[in-house]
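Examination of the molecular architecture
As a plain string of letters, each chain reads:
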Amino acid sequence: MDVLMLSRLQFAMATMFHFIFVPLTLGLSVMVAIMETYYVRTGKEVYLRMTKFWGKLFVINFVLGVVTGITLEFQFGTNWSKYSEYVGDIFGSLLAIEATVAFFMESTFLAAWIFGWKKLSAKMHCACIWIVAIASNMSAVWIILANGWMQNPVGYVIRNGRAELENFITVITNPFAWSQFLHNGFGALVVGGFFIMGISAYHLLRKNEVEFFTTSFKMGLVCAFIFSIAVAVQGHGHAQEVAHVQPAKLAAMEALWETTDSAPMYLLSVPNEAKEENSIELFGIPGGLSFLAFNSFDAPVKGLKAWAKEDRPPVTVTFLAFRLMVGLGTLFPLLCIWAWIKRKNLVENKLLLRVMLYSIPLPYIAIWAGWAIAEVGRQPWIVYGIMKTSDAVSPIVTSQVAFSFIGLTLLYTILGTCEIFLLTKFARKGPEPVKA
Amino acid sequence: MLETIWFLLWGVLWAVYFMLDGYDLGLGAMMPFLAKNEKDKKTIFNAMGPFWDGNEVWLITAGGVTFAAFPKAYAVMFSGLYTALMLLLMALIIRGVAFEFRGLVESDGARKFWDACMVFGSAVPALLLGVAFANIFQGIPINAEGVFQGGLLTLLNPYGLAGGVLFVLLFTLHGCLWLAVRTTGDLNERAGNMAAAIWPILVAVYVAFLALTGIYTKLLSNYLAHPILLLILLVPIFAIVKTRTLISAQKWWKAWASSALLIVSTTLFGVIGLFPALLPSSINPAFSITIYNAASSQLTLKIMLTVALVMVPIVIIYQFWMHKFFATKITDEDLGY
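Residues numbered from 1 in each chain as written. Chains lettered and ligands numbered in written order. Predicted model: local features only at pLDDT ≥ 70, side-chain atom pairs only at ≥ 80, totals over all residues. Heavy atoms only, no water.

Quick word on the overall build of chain B
Where we set the bar: By the criteria applied, helices consist of DSSP H or I runs no shorter than four residues and strands consist of E runs no shorter than two, each listed in order from the N terminus. In this treatment the radius of gyration is a C-alpha quantity, and the globule benchmark scales as 2.2 Å times the residue count to the 0.38 power. Accessibility here uses a 1.4 Å probe with only protein chains present; expressed as a share of the type maximum, an area under 20% marks a residue as buried, one over 50% as exposed, and anything in between as partly exposed. The criterion used for residue contact is that any of the two residues' heavy atoms lie within 4.5 Å. The Shrake-Rupley method, run with a 1.4 Å probe sphere, supplies the accessible areas, and residue values consider only the shown protein chains as cover. Asp and Glu are treated as the negative residues and Lys and Arg as the positive ones, with His and the ends of the chain left uncounted. Note on charges: their place is set at NZ of Lys, CZ of Arg, CG of Asp or CD of Glu.
Per the secondary structure count, chain B includes 15 helices and two strands. For 337 residues, the compact-globule formula gives about 20 Å, and the C-alpha radius of gyration of chain B, at 20 Å, lands near that figure. Along the three orthogonal principal directions, the C-alpha set of chain B runs to about 60 × 40 × 40 Å. When the 337 residues of chain B are sorted by exposure, 62% land in the buried category. Long-range contacts, defined here as pairs at least 24 residues apart, represent 80% of the contacts in chain B between residues at least 6 apart. Surface summary for chain B: the accessible area is close to 12,300 Å², and the carbon and sulfur share equals 71%. Of the side-chain charges in chain B, 19 are positive and 17 negative, and the distance between the mean point of each set is 8 Å.

Considerations on the confidence of the model for chain B
Worth spelling out the cut-off: Per-residue confidence from the predictor is reported as pLDDT, a score between 0 and 100.
Per-residue confidence for chain B averages 91 on the pLDDT scale, and 99% of its residues sit at or above 70. Within chain B, helix H15 (residues 332–335) of chain B has the poorest average pLDDT of any element, 78, and helix H8 (residues 158–182) of chain B the best, 95.

Some words on the interface of chain B and chain A
In many reports, interface size means the accessible area that the parts give up when they come together. Selection rule: The term buried area means the drop in 1.4 Å probe accessible area that two parts suffer when joined, counted for both and summed. Salt bridges are counted wherever a side-chain nitrogen of Lys or Arg sits within 4 Å of a carboxyl oxygen of Asp or Glu. Residues adjacent in sequence count toward polar contacts only when both atoms are side-chain atoms; beyond that, a polar contact is any pair of N or O atoms within 3.5 Å, and within protein one must be able to donate a hydrogen and the other to accept it.
Contact with chain B, which involves 62 residues of that partner, is made by 69 residues of chain A. Carbon and sulfur atoms make up 76% of the surface buried where chain B meets chain A, a total of about 5,800 Å² over both sides. Three residues, B:Ile60, B:Phe67 and B:Tyr82, lead the burial of chain B against chain A; their summed loss comes to 12% of the area buried on that side. Applying the counting rule to chain B against chain A returns two salt bridges. Between chain B and chain A we count 16 residue pairs in polar contact (both at pLDDT 80 or more) in total. Secondary structure elements with two or more residues in the side of chain B that touches chain A: helix H3 (52–69), helix H4 (71–80), helix H5 (82–102) and helix H14 (298–326) of chain B.

Observations regarding the pairing of strand E4 (residues 265–272) of chain A
All names here are of chain A. Keep this limit in mind: DSSP-based pairing: two strands are paired if at least 2 bridges between them are found.
As defined by bridge partners, E4 adjoins strand E5 (residues 277–285) across seven bridges and the pair is classed as antiparallel. Residue asparagine 272 lies in a different strand from E5, and its bridge partner there is glutamate 277. From the end of E4 to the start of E5, which pair antiparallel, there are four residues, and glutamate 276 there has a positive phi angle of about 55°.

Notes on the nonpolar core
Where we set the bar: The definition of a nonpolar core used throughout is a set of buried Ala, Val, Leu, Ile, Met, Phe, Trp, Tyr and Cys residues joined through side-chain atoms within 4.5 Å.
Membership of the largest hydrophobic core comes to 254 residues, with the highest contact counts inside it found for A:Trp54, A:Leu57, A:Tyr83, A:Phe217 and B:Phe70. Those residues in contact with B:Phe70 that lie beyond four places of it in its chain are B:Glu3, B:Trp6, B:Phe7, B:Trp10, B:Val65, B:Leu278, B:Ile291, B:Ala294 and B:Ala295. Within the second largest apolar cluster, 16 residues are counted, among which are A:Met253, A:Ala263, A:Ala293 and A:Met325.

A look at the packing of helix H6 (residues 175–205) of chain A against helix H10 (residues 315–341) of chain A
All names here are of chain A. The criterion, for reference: Only the contacting stretch of a helix is used when fitting its axis, a line to C-alpha atoms as for every element, and angles between N-to-C directions run 0 to 180 degrees. An angle counts as roughly parallel when it lies under 35 degrees, as roughly antiparallel when it exceeds 145, as roughly perpendicular when it falls between 65 and 115, and as oblique in every other case. Whether a crossing is left-handed or right-handed is set by the direction in which the near helix is turned from the far one by less than a right angle, anticlockwise for left-handed and clockwise for right-handed. Side-chain classes are defined by residue name, with Ala, Val, Leu, Ile, Met, Phe, Trp, Tyr, Cys and Pro counting as nonpolar, Asp, Glu, Lys and Arg as charged, and the others, Gly among them, as polar.
At a closest axis distance of 12 Å, the pairing of H6 and H10 adopts a crossing angle of 50°. Viewed along their axes, H6 and H10 adopt a mutual orientation that is oblique. When you trace H6 past H10, the crossing you get is left-handed. From H6, His183, Val190 and Phe194 reach across to H10, where they touch Met325, Phe332, Leu335 and Cys336. Among the residues making up the contact of H6 with H10, the classes are represented as six nonpolar, one polar and no charged.

Here we look at the side chain of A:Gln10
For A:Gln10, the position within the fold is in helix H1 (residues 3–42). Once residues lying within four places of it in the same chain are set aside, the contact partners of A:Gln10 are A:Gln75, A:Asn79, A:Val401, A:Ser404, A:Phe405, A:Leu408, B:Tyr82 and B:Met86.

Focus: the side chain of A:Ser93
By the element assignment, A:Ser93 lies in helix H3 (residues 81–115). For A:Ser93, the residues in contact, after removing those within four places along its chain, are A:Gly88, B:Ala68, B:Thr300 and B:Met304.

Quick notes on the environment of A:Val3
Residue and element names in this part refer to chain A. With respect to the secondary-structure elements, valine 3 resides in helix H1. Between the C-alpha atom of valine 3 and that of isoleucine 158, which follows or precedes it by 155 residues, the distance is 27 Å. Every residue in contact with valine 3, bar those within four places of it in the chain, is listed here: Val393, Ser394, Ile396, Val397, Thr398 and Val401.

As for the packing of helix H1 (residues 2–34) of chain B against H14(B)
Residue and element names in this part refer to chain B. One way to put it is that H1 packs onto H14 with a least axis distance of 11 Å and a crossing angle of 25°. In terms of orientation, H1 lies roughly parallel with respect to H14. By crossing handedness, the relation of H1 to H14 is classed as left-handed. Every residue of H14 that contacts H1 at Leu2, Glu3, Ile5, Trp6, Leu9, Leu20 and Tyr23 is listed here: Gln298, Leu301, Lys302, Met304, Leu305, Ala308, Gln319 and His323. When grouped by side-chain class, the residues that make up the contact of H1 with H14 number 10 nonpolar, three polar and two charged.

Remarks on the packing of aromatic side chains
Inclusion rule: Only rings of Phe, Tyr and Trp enter the pairing, Trp through its six-membered ring, and a pair is recorded when the two centres are within 6.5 Å. The plane angle decides the type: under 30 degrees is stacked, over 60 is edge-to-face, the rest tilted.
If you walk through the whole model with that rule in mind, you get 56 aromatic pairs over all chains. Between B:Tyr159 and B:Tyr216, the ring centres sit 5.9 Å apart and the planes meet at 35°, which makes this aromatic pair tilted. Residue B:Tyr159 is located in helix H8, and its partner B:Tyr216 is located in helix H9 (residues 185–216); the two are separated by 57 residues in the primary sequence. With a relative accessible area of 0%, B:Tyr159 lands in the buried category. Geometrically, the ring pair formed by B:Trp253 and B:Trp256 is edge-to-face, given 5.8 Å between the ring centres and 90° between the ring planes. Placement of the pair is B:Trp253 and B:Trp256 together in helix H12 (residues 252–274), with a separation of three residues, close to one helical turn. Three or more aromatic residues joined by ring pairs make a cluster, and in this case those are A:Phe11, A:Phe74, A:Phe76, A:Tyr83, A:Phe91, B:Phe67, B:Tyr74 and B:Phe78.

Observations regarding the pattern of salt bridges
Residue and element names in this part refer to chain B. Following the criterion strictly, the structure yields 20 salt bridges over all chains and no others. Between arginine 95 and aspartate 24 there is a salt bridge, with its nearest N and O atoms 3.1 Å apart. With arginine 95 in helix H5 and aspartate 24 in helix H1, the pair connects residues that are 71 residues apart, well separated along the chain. Here arginine 95 and aspartate 24 have matching classes, each one buried. The shortest N-O distance in the salt bridge between aspartate 332 and lysine 39 comes to 2.9 Å. Taken together, the positions of aspartate 332 in helix H15 and lysine 39 in helix H2 (residues 38–48) put the pair 293 residues apart, joining distant regions of the chain. A network of salt bridges, in which partner residues are shared, links Glu38, Lys41, Arg102, Asp108, Arg111 and Asp115.

A look at the pairing of strand E2 (residues 162–165) of chain A
Residues and elements named next belong to chain A. Of the two faces of E2, the one holding Arg162 and Glu164 and the one holding Ala163 and Leu165 are both buried throughout. Two strands pair when backbone bridges link them, and strand E1 (residues 156–159) and E2 are joined in this way by four bridges, in the antiparallel orientation. When the sheet's bridge partners are listed, tyrosine 156 is paired in E2 with leucine 165. Following E1, the chain reverses through two residues before pairing antiparallel with E2; asparagine 160 in that reversal takes a positive phi of roughly 50°.

What about unusual backbone geometry?
Residue A:Pro380 is bonded to the preceding A:Gln379 through a cis peptide linkage, with omega at 5°. As for its placement among the helices and strands, A:Pro380 is situated in the loop between helix H12 (361–376) and strand E7 (381–383). Cis rather than trans, the peptide bond between B:Phe275 and B:Pro276 has omega equal to 0°. As for its placement among the helices and strands, B:Pro276 is situated in the loop between H12 and strand E1 (277–279).

Printed below as a string of C-alpha cells:
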C-alpha cells in the first residue's frame with residue numbers, strides 16, 4: 001500500500017474511533033446538565049443520584065474523546081502536510097479558534113465539576129456542567145465549520161499558490177456547515193437518548209432501582225423522541241443542500257448512473273460499480289428522487305456518468321451507508337413512539353425493554369454511516385472542487401505511516417476494549433446506594 | 001509586523017504549555033521515586049487530576065496556532081518529525097486514559113499496569129518534546145521543497161538528546177515542586193528533597209546545554225547581533241538560583257513559580273534565538289522555514305490576533321481560578337478515606 005492509502009485508512013480509523021466518544025459527549029453532557037438542574041431546583045435526591053450515575057459514565061467516555069481528538073488535530077500536519085499548507089490559512093484558523101474558545105473551557109470546567117462536588121456550591125457546580133455542555137457543542141460548531149468548509153468551500157480566494165481567507169464572515173456563516181452541525185448535533189442527542197434508555201432498560205428488566213431508572217428512561221425517551229424526528233426532518237433539508245452543492249455525492253448516495261429528468265427513486269437497487277449500472281432496480285417511485293432532491297417531480301438529476309471516472313466518489317460505500325443511515329433514522333422515531341405508548345408501565349414491557357437495550361449501538365452506527373456518506377461521498381476531493389485527496393498527502397516514507405497505523409490501531413483496540421469493559425461494568429453496577 | 005507578533009505569541013504558547021503540562025508530566029514520571037504506598041500514589045494522581053487536561057489543551061492550542069498562523073511550518077514540522085510526534089501522541093493517549101482508568105479498577109495488578117502507563121506516558125513526552133525542540137533549534141534537514149531528508153535516528157543526535165535530558169530534568173523538578181505545593185508531611189518532605197536532589201544535575205545539564213547550543217546551533221548569532229538581548233539570559237539564571245533558595249526556605253508555591261519562570265524563560269531564550277526562522281534547514285539556510293515564507297495571510301493573522309487577544313486572557317483567568325481554588329493541600333477526604 002502507498003502512503004496515500006495508508007494515510008486515508010489511518011485517518012478513517014482514527015476518526016471513527018474518536019467518533020465513538022464524541023456524540024455521547026455532546027448528547028450526554030446536555031442530559032446530565034438537565035438532571036443536575038432538576039436537582040438544584042427541586043432538591044430531590046433521585047436527581048442528584050442520576051446526575052452522579054450518568055455523569056460518571058459521561059466522564060469515562062469523555063477522556064477517550066479528548067485524547068483521540070489530539071491525534072486528529074496533529075494528523076493534518078503529519079499525514080496531510082500538502083493539505084495543511086494549502087488551506088491552513090482558513091482551516092487551521094478554525095481549528096485554533098476551536099481550541100481557544102471551546103476546548104479549554106470544556107476541559108477546565110469538567111475538571112472543576114469532577115473535583116468540585118465538595119468545594120463548590122450546588123449552583124456553581126451545576127453551572128460547571130452547563131459550561132461543559134455548551135463548550136462541547138461549541139467545539140463541535142468550530143470543528144464542523146472546518147469540515148463544512150472542506151465540503152463547501154466559501155469565502156476564500158486562490159492566491160500565492162494556496163487558498164487564502166477573503167471573507168471570514170462568509171466562512172463562519174457557511175449554511176452547508178451549519179446544516180451539517182445541526183444534523184450531527186441532533187444525531188448526538190439521539191445517541192444520548194438511546195444510551196440512557198438502553199441502560200435504564202437493562203436495570204428495569206431486573207427490577208433494579210425502578211424509580212431511578214424509570215425517571216431516567218423517560219428523560220432519555222423525551223430527548224430521543226424529539227431529536228429523532230428533528231434529525232430526520234433536518235436531514236431531508238440537508239440532503240437537498242447536498243443535491244445542490246455536491247451533486248456527485250447525491251448521485252452516489254442514490255447510485256444514479258445516467259442523468260435523468262424526473263428521476264425515480266428505487267426502494268431496492270444493487271449498484272454494480274464495475275459495469276457502471278445497477279444490477280437490480282425494483283419498486284421505482286416515478287420522479288421520487290427528483291422530488292426529494294429538488295422539490296419537483298420532473299427536475300433533472302445528474303447521474304454519475306456526468307463525471308469522469310476518476311472524479312466519482314466510491315459508489316457502493318456511499319450508497320450503502322446512506323441506506324443504513326436512513327433506515328435507522330426511520331426506525332428511531334418508531335421505537336420512540338412504541339416506548340411512549342408503553343411509558344406508564346415500563347417494567348411490564350419486557351420486549352420493549354429488551355429491544356431498547358440492544359438498540360444502544362444503533363444510533364452510533366447511524367451517525368458513523370452519516371459521516372461515511374459525508375467523507376467518502378466527497379472523494380476524490382479533500383476540499384470539494386479545489387484540492388484532491390491524492391494531492392494532499394505528506395511527502396513521507398510509507399514505512400513511517402505503516403508503523404503509526406499499526407501502532408494506533410493496536411492502541412485503540414486495547415483502549416476500546418478497556419473502555420467498553422469499564423462502561424459496561426459501571427452501567428451494570430447502577431447508581432450508588434442512597435446514604436442512610 | 002503581524003508575523004513578528006505571531007512569532008512571539010507562538011513562542012509564548014509553547015512556553016506556557018511547557019510550564020503547565022511540565023509539572024504534571026514531570027510528576028507523573030517521578031511517581032515511582034516519590035510514592036511509597038498506595039495512598040501516596042493516589043495523592044500523586046489527585047495532585048494532577050484536576051489540572052492535566054486543561055494543561056494539555058495548551059498543546060492543542062500551540063499546535064493549532066502553528067497551523068493557523070504558520071501553515072507551512074506546521075506542515076513541514078509535523079510531517080518531518082512524523083515518527084517522534086506519533087510516539088508523543090501515543091504516549092499522551094496512554095497517559096490520559098491512565099488518569100481515568102486507574103481510579104476505576106480494583107485489582108492490584110490492573111492498578112500497577114496503569115501506574116506503569118502513567119510513568120511511561122509522562123516520561124516519554126517530556127523527553128520527546130525536548131528532543132524535538134532541540135532539533136528545531138539546531139535545524140533539521142529539509143530541502144528546498146520543505147521535505148524532510150532524514151530518518152527517525154536523525155533526531156536522536158547528541159544535541160537533540162541533550163535537549164531531551166534537559167526537558168526531563170526541568171519537568172521533573174517542576175513536578176516535584178508541584179507535589180510539594182499540594183502535600184503535607186512525609187510526601188511533602190520527599191518531594192522537596194527530590195527537588196533539591198535534581199537541582200544540581202539540572203544546573204550541570206543546563207550549563208552543558210548552553211555550551212552545546214553555542215557549538216551546534218546558530219541561535220547565538222541573533223544574540224551577538226543584538227548583545228542587549230543577552231540580558232534575557234539573566235532571567236533563567238535568576239530563576240534557577242531562586243528556585244534553590246526557595247526550596248531551602250520551603251516556600252513551595254514560590255519555588256514552583258520560580259521553576260515555572262525558569263521553563264518559560266528558557267523556552268523563550270531559545271525561541272528568540274531562532275527568529276525569524278521557525279524551522280531552520282540544516283542543509284541550506286535558504287531552505288529554512290521562516291515567519292515570512294510560512295505565514296498565513298494578513299487577514300487571517302489579524303482575525304486570529306483579535307480572537308487571541310479576547311480569548312486568551314479569559315482562558316488565563318479561569319485557569320488561574322482553577323489552580324487557586326483547587327490546588328489546595330490534599331487531605332484524606334479528597335482521597336475518599
